[in-house]
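Structural description and commentary
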Amino acid sequence: MKVILEQDVKSLGKKGDIVEVSEGYARNFLLPKKLAVAATTENLNVINQKKASAARKKEQEFDEATVMAAQMDKIEVTIETKLGENGKMFGSITSKDIADAILSQHKVEIDRRKIDLKDGIKSPGDYTVTIKIHPTISSKIVVHVKAV
């Protein structure tokens, strides 16, 4: 009997997969626990529509990320910080500080976790920082750290 999995089933398949199982296993286990539905033409059409919708959504997200990356490449951010007696900063500039500066200066909201900053910026100067907009698309911005 062919069934469409509604949830991931260990050693059988993932959600949305069409698998062949014995009738007893389908009737007594998968169908009553709502882990699967019978693979009728109606259910197959619903699954195909869901897959097509998901593909369109993924493509739209990729297009939006491409446009945003082009805009982000033009952004430069200035962050002012206090220096100590020896010209050293009191702390470091973190990804949260950069995200806040982008929001306040350019009105673009970026999640701080998408800013790829290995260590904090610990001295004044110009830095190039990578932002991961999409799993396959990244952009670079310039951060100017100035002493007050």
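Below is a summary of the structure that appears in this document. (Residues numbered from 1 in each chain as written. Predicted model: local features only at pLDDT ≥ 70, side-chain atom pairs only at ≥ 80, totals over all residues. Heavy atoms only, no water.)

This next bit is on the nonpolar core. Met72, Ile98, Ile102, Ile131, Ile141 and Val143 are the most contacted members of the largest nonpolar core, which totals 22 residues. Taken together, the elements giving at least two residues each to this core come down to helix 2 (41–72), strand 4 (76–81), helix 3 (95–106), strand 6 (125–134) and strand 7 (137–147). Excluding residues within four positions of it along the chain, Val143 makes contact with Val77, Ile79, Ile98, Ile121, Gly125, Asp126, Tyr127 and Val129. Core analysis: the second largest hydrophobic core is formed by 9 residues, Leu5, Val21, Leu35 and Ala36 among them. (Core = buried A, V, L, I, M, F, W, Y, C linked by side-chain atoms within 4.5 Å. Buried < 20%, exposed > 50% of the residue type's maximum accessible area, 1.4 Å probe, protein only. Helix = DSSP H or I, 4+ residues; strand = E, 2+ residues; numbered from the N terminus. Contact = heavy atoms within 4.5 Å.)

This part takes up the sheet that holds strand 4. Across the sheet, 4 strands lie side by side as 4-7-6-5; this open sheet has mixed pairing. At either margin of the open sheet sits one strand with a lone partner, and together these are strand 4 and strand 5 (115–116). In this structure, strand 6 lies alongside strand 7, joined through 9 bridges in antiparallel fashion. By the bridge assignment for strand 7, Tyr127 is matched with Val143. The strands touched by helix 3 within the sheet are strand 4, strand 5, strand 6 and strand 7, with strand 4 carrying the most contacts at an inclination of about 115 degrees. (Pairing = 2+ DSSP bridges. Axes fitted to C-alpha atoms, helices over the stretch in contact; angles between N-to-C directions.)

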